[in-house]
Each structure stands twice: as structure tokens, then as C-alpha cells.
Amino acid sequence: MEIRREDEIADMSLSPPSMGSMHIAGGNSFGHNIEFMSQAYLRNRYSEIDIEEDTLERIKDRPLPIYLKFEDVEFKVKSSQASTMNPVKSVVSKVASQLNLDKDYKQILKGITGSIGPGEILALMGPSGSGKTTLLKIVGGRLTDNVKGKITYNDIPYNTALKRRIGFVTQDDVLLPQLTVEETLVFAAFLRLPGKMNRQQKYARVEMIIKELGLERCRHTRVGGGFVKGISGGERKRTSIGYEILVDPSLLLLDEPTSGLDSTSANKLLQILQKVAKAGRTVITTIHQPSSRMFHMFDKLLLISEGYPVYYGKARESMEYFSSLRFIPEIAMNPAEFLIDLATGQMNDISVPEGLLASQGAPDSDRDVIKYLQLKYKTQLEPKEKEENHRNTKTPEQLQLAIQVKKDWTLSWWEQFKIICKRTFKERRRDYFDKLRLVQSLGIAVLLGLLWWKSQTGTEAQLRDQVGLIFYICIFWTSSSIFGAVYVFPFEKIYLVKERKADMYRLSVYYACSTLCDMLAHVFYPTLFMVIIYFMAGFKRTVPCFFLTLFSILLIAVTSQGAGELFGAAVLSIKRAGMIASLVLMLFLLTGGYYVQHIPKFMQWLKYLSFMYYGFRLLLKVQYSGDQLYECESKGGCRPLQSSPSFDMVNLSGGLQEVWVLLVMAFGYRLCAYLCLRKRISKCHL
Ligand SMILES: Nc1ncnc2c1ncn2[C@@H]1O[C@H](COP(=O)(O)OP(=O)(O)OP(=O)(O)O)[C@@H](O)[C@H]1O
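Residues numbered from 1 in each chain as written. Predicted model: local features only at pLDDT ≥ 70, side-chain atom pairs only at ≥ 80, totals over all residues. Heavy atoms only, no water.

Help me understand the UniProt feature "transmembrane region" (unreviewed entry) in the protein chain, please; the structure alone is not making it clear to me.
Sites flagged by UniProt as "transmembrane region" (unreviewed entry) map to residues 436-453, 469-489, 509-535, 547-572, 579-596 and 659-677. With 89% helix and 0% strand, residues 436-453 has end C-alpha atoms that lie 25 Å from one another. Secondary structure within residues 659-677 divides into 100% helix and 0% strand; the distance between the first and last C-alpha atoms comes to 27 Å. (UniProt positions renumbered as here; feature names shortened; annotations may be inferred. Helix = DSSP H or I, 4+ residues; strand = E, 2+ residues; numbered from the N terminus.)

Mind showing me how you'd approach the environment of Ile494 here?
Here Ile494 is to be found in helix H18 (residues 488-501). Apart from the residues within four sequence positions on either side, Ile494 is in contact with Val174 and Leu686. (Contact = heavy atoms within 4.5 Å.)

I keep staring at the pattern of salt bridges and nothing clicks. Help me out?
Any two side chains of opposite charge can pair, so long as their charged atoms come close to each other. Tallying each qualifying case throughout the model produces 18 salt bridges. Measuring nitrogen to oxygen at the nearest pair gives 2.8 Å for the salt bridge that ties Glu207 to Arg219. Taken as a pair, Glu207 in helix H7 (residues 199-212) and Arg219 in the loop between H7 and helix H8 (233-245) lie far apart in primary sequence, 12 residues in all. Residue Glu207 is classed as partly exposed on the basis of its relative accessible area, which comes to 28%. Judged by its relative accessible area of 14%, Arg219 falls in the buried class. The closest approach of N and O atoms between Glu658 and Lys621, which form a salt bridge, is 3.2 Å. One end of the pair, Glu658, is in helix H24 (residues 656-683); the other, Lys621, is in helix H23 (residues 611-623), and 37 residues separate them in sequence. Of the residues examined, Glu658 reaches a relative accessible area of 2% and is grouped as buried. With a relative accessible area of 12%, Lys621 lands in the buried category. (Salt bridge = Lys/Arg side-chain N within 4 Å of Asp/Glu carboxyl O. Buried < 20%, exposed > 50% of the residue type's maximum accessible area, 1.4 Å probe, protein only.)

Help me understand the site of the ligand in this model?
Around the ligand, the surrounding shell holds 14 residues, and the nearest of these are Ser128, Gly129, Lys132, Thr133 and Thr134. Within the backbone of Ser130, an N or O atom sits 3.1 Å from an oxygen atom of the ligand. The side chain of Gln171 places a nitrogen or oxygen atom 3.4 Å from an oxygen atom of the ligand. Within the complex, 62% of the 640 Å² of free accessible area of the ligand lies under protein. Ranked by residue count, the leading element in the shell around the ligand is helix H5 (residues 132-139), at three residues. Here the shell around the ligand is built from residues that sort into three nonpolar, eight polar and three charged. (Near = heavy atom within 4 Å. Polar contact = N/O pair within 3.5 Å; in protein donor to acceptor, adjacent residues only side chain to side chain. Areas by Shrake-Rupley, 256 points an atom, 1.4 Å probe, with all protein chains shown as cover. Nonpolar A, V, L, I, M, F, W, Y, C, P; charged D, E, K, R; others polar.)

What exactly am I supposed to notice about H23 here?
For an α-helix, 3.6 residues make a turn, and residues three or four places apart therefore share a direction. For H23, which comprises 13 residues, the first-to-last C-alpha distance of 18 Å matches the rise-based estimate of 18 Å (1.5 Å per residue) to within 8%. Among the 13 residues that make up H23, 13 are buried, leaving the element largely enclosed by the rest of the structure. One side-chain oxygen of the residue at the start of H23 lies 3.2 Å from the amide nitrogen of Met612, identifying that residue as Ser610. (Expected span 1.5 Å × (residues − 1).)

In C-alpha cells, the structure reads:
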């Protein structure tokens, strides 16, 4: 058989495959024709693959069809007031939850069953808060705790290899605000498309997505979001969708993709989703108020009310089903509107089966309707759906194996590094070249230079002044670097979670790029600062001494940056990271060796943790030598600097030890930050 290259597959991915061999094979009252079609589709398409000839290695990187089944899916969350830090209570409540005895749990989904195959679009509809997003997250593998029921992908349960086969468009668009639409898509293409595709093919794919989604006019505009001005909400939504369909996922999940779009754009978007589905992909979307035109584009519909399904089946047969139950709209109504009214129990313009309600509009009338619909679903629809799920033939074995094999990274570590570095720099460049930051560094340098203008070390008092300046510089760069780094991961958390869930890159690459790009700023500003202040204040005028002082300051800044990253990664919360950074800074400041030199023995361990202590000592050792003379005009005559009370606890020779300690701290903090980030990010959900 002919084996298509991965790039050819990527090129053809949005064009419909030949459906010639598909035929509608039977059906029943709720028409399971589509299931049969998808099964036939799976068999036909993958019977082409001869496992002997076409090894797993070769098919595993292809976009594979996914047949998703979910049965009796239940999900509950702990009510917030019930959450407890008490370990005993927590164990008890866990056991109780397993035994279904716990009243502190709120049941969100209450037994949802369904299936969807390649080539189909399933719409999840229901009133706000009915559990659509929750179900979408569960089938997307983003919610796993407290989930009951059976969910299978080609008859096997979820596994992490599926991450790169599932595209998830979240309700809130999570896109880096400082990149333009084109940059966003290009970086995604370079990170996510197969490594075998060349640059031109990747650019061509981005171009196609931009055209398909009508993003030409805003391609060079920043995405924006939050306080950053950027493209419109609808354009942002389309960019988010482009970001996912770019890589042609086998299973595409969309959470309210049409919100914020006008009806024409929403309709166009649905047409694109239809194309995606027809190319053999499985599409599930939640939707609030589709127009009638859009409603008829869905193949299947799952209507949820308060976490219970009230309809599951072909979308276009839903009205027929409800009229068979004698729920009939009294005026011409959009089917979606009618269905939502039913799911909320609003019977204003709907005729209701006789005898169901004592009187329409009675306080409990909506509850009665919902209960009735749930009951009808249980007795009429669910058994058929379950039977169909069990009756369907099994997915070919090679397909099952292929979706369990984790795709290789599309790029090597180094290739990912180059792309992410470029992206990180583009995203954060405004922050790096911030005018305020420049003015702050220059202004403080000039101010300190004027205050300590040509300072001398001739007397004890002058020496003390200069030592004060050195400690101030140490504090300034320690705090600037800590606070410059502490918010980075809490701010980027959502982007990181989203991209890691899609397995876009290695976390080590992200971390290395983040810390190295930021280091540019942590090196540039202190250098500028030192060049100004060094010659205004009366520091030692020798070339080695200048460079050693600069090196020490940079080492302090880079170590502090590592500490800031660690605090940020450890808590991943802007408020708490800031609080921890301030607290630690205060502690290190006290034990830095300037305010108190003679720390009691039982508290001395604190100073050894403080990079300010080592940084300050290093700077003193670089600036002064123990045998340098001072106090020459005093009665007792010249004395060596080492005898000054300012250096009571500091031996002014050496300095290599401090350099090593700071280097170890700089690496140690980063290693811990990376490990914390790894642990925390894997537990975060969007
Ligand atoms: N982690 C959670 N903790 C507490 N309640 C939750 C949690 N997740 C979901 N819920 C609750 O579950 C219900 C369903 O939420 P979900 O977001 O799935 O609804 P939805 O149908 O998608 O709503 P919408 O259309 O407004 O987005 C809501 O009442 C929500 O408050």
C-alpha cells in the first residue's frame, strides 16, 4: 500500500477524505446511522494499514480517527464550606465520598452516556451551569479526580499519549497578550507541527488557517487581553480556534466557540468545524444559542439539565422526539431556543402533555417537567444508547495501539529552545525595555552617585559611609531581581498549563528560556547602574576592581532572580508569592551582615542561608584589602583596614568561597524552582 508522508497528511488534513466506501448501514428510531458510518469509516480507513508493512512507528504520528464512548459519567465536587485542612476529617470525607455517603459533595454530572465518532459534530447544550464544560473537560482528560463512569477512546481508557491528539479550545481565550495573531499561530505551528514539515509548509499552514478563519485584517495586531489593548473578542476566539485546528487534532473539543461572534461569523465557524469533522476528526462543542441554521449542522446533540441528560441522539431528530412526548412549541421557534426552554422547565410558549402539570406556572411546574424529561430519557433513550455502545464492533487493534504510543517530540530540545527563546523574548520585550525601569536604574544610580560623590575611605566615619553605600547597592539589586522574577510564573501559569496539557514543549525548555531571557534584563540594568555609580562614588579606580565589583553585583542579581523564581514557582499565586518574597527579603536583609554583625550562635544558621550575606561580603572583599592603610591623620597614626570595627567579622582576603556559594545558590534555587514548577503545574487545571 501507499504510505503517505506525514507532511502530505498534514497538508491534506483539512480536506475531506474520500467517503466513497462509507455507506449508511441501517438505523433505528433515533438513527444510529452515523455511528455505523464512523465504524465503517474506521474499518475502511484503517484496514488500509497493513500492520506488517506499516509499522506502529509510522502510523503513530498520523492524525488517527478517535471513536469516543462515555457511559454513566458522574462527577462531584466538594462544597467549598466542606473543605477542610484537618487530615482526619479529610480521610473520613474521602471514604464517605467513595461510599456515596457524603453530603458535602455537590453532584455536577449525574450519569451521562453517549458516543461520537470521526466525521461527526456533537453539540452539548443546556442551561448555564448544567455541566457542559465539566463534561468537556472530563472527556478531554483535564478533569480526572472524583470522576466515575467509563470513558474510552477507540475502546481504551484515557492515557497521556492522547494529549497531543486532543485539541481543547477553552471558554476563556488563553493566548499570550503581547504576540500578534500571526506570531501566535506561527510559534504554535513551529512547536506543534511535525518536525518533518519544512518551514514553508508550516508557514503555508498558518496562512491557510488565517484565511479560513478570516483573520487577515488583524494578523499584525497584538492579541491583547486583560489590560493590554488588542484584537476584538471574536477575533481572539477565532485565533484560539486556529491555534488548535492548526495541528489537526483527532479529537477537537470547543467550549462555547461562538460566544462573542456575530451570526454570520458563527455560521462560518461552524462550517469550518464541519470541514474538520469531515476530514475524519471527532468534534465536540458546547454551545449556548445556535441559530436554526447552525443547529442543523450538528450531527448529534446532548441536552443536559442540572447534570442529567434529557436528550441524546441525532440533532435533527430532537424536535421529533420531544413532539412524540407531546412537548410542542406553540409559536415558530428556533429549535435551540425550544430545547433550552425545555431543559430549564420554562413552558411559556410550549404545550405540555396533559396531566403532567397540575397547573402551568405553578411553583414546581419547571421541576416537574425536568423530572419527567429525565425519566423519559432513562427509559427511552439511555437503554438504546447503551446497547448501541456495546453492540458496536471493536476498533481495529492497530488503531488502539497507535493511540497509546506517545508521539515523539516533534522537535529536539535545542530546536524547541531556539523557538521558545524567541517567543519568550518577543512576549516579554516590552517589560525588558520598559522606560520606567530604565529611568529607575539611571535615576537611582545618579542619586546615589551625588549622595556619595567621590566618597573617601580615609577615616572610620568615611569608611562606614562607603560600606553603607555598598550594602544599599546590594539591597537594591537583590530586591529588584527578586521582585522582577517572583511574578513571572504566577503570571504565565495559565499559558503554561494550557500548553503543557497539549504537550507542546518540554518544561525544562520553557524554564531555561524563561530564566535566560529574563537574565538579559537582570544583567543589563545592573551593568548600566554600576557604570554610572562606580565613577561618581569614590570606589577603587582600577580596571580589575571595577570588573570584579560588576561581576559581584551581577552574581547577586542572578542569584536573587533564582530565589524569586523559586518563590513564584512554589506557590504560583501572585499575592502569596509577593508576600513570601517580601518576608524572605526582610530576613535576609537583617542577616546580611550590615545591621548586626555579632549574631548569637543559635541564630547564625540564618545568615548562611542569605545570599545577601555572601554578596555583601564579596563586595567588601573586592573593594578593600586588609592591609590597606587608613586613619593616617589620627593621633595613633595609620592603621590597616582589617582592624576597622566595620570589618570585625569579615576577613578581607580571598572571596572565592563567596563566589562559589553564590554560584551554587544560583543553580540550587533554579533547580528547586524547576522541580516546584513541574510538580505544581501538573496539578493545575484550566
Ligand atoms: N471545581 C468546582 N467546584 C465547585 N463547583 C463547580 C466546580 N466545577 C463546576 N462547578 C459547578 O458545576 C456546575 C456546572 O459547571 P459548568 O461550568 O460545567 O457549567 P456549564 O454548563 O458549562 O455552564 P456555562 O454554560 O455557564 O459555562 C456549576 O454550577 C458550577 O458552579
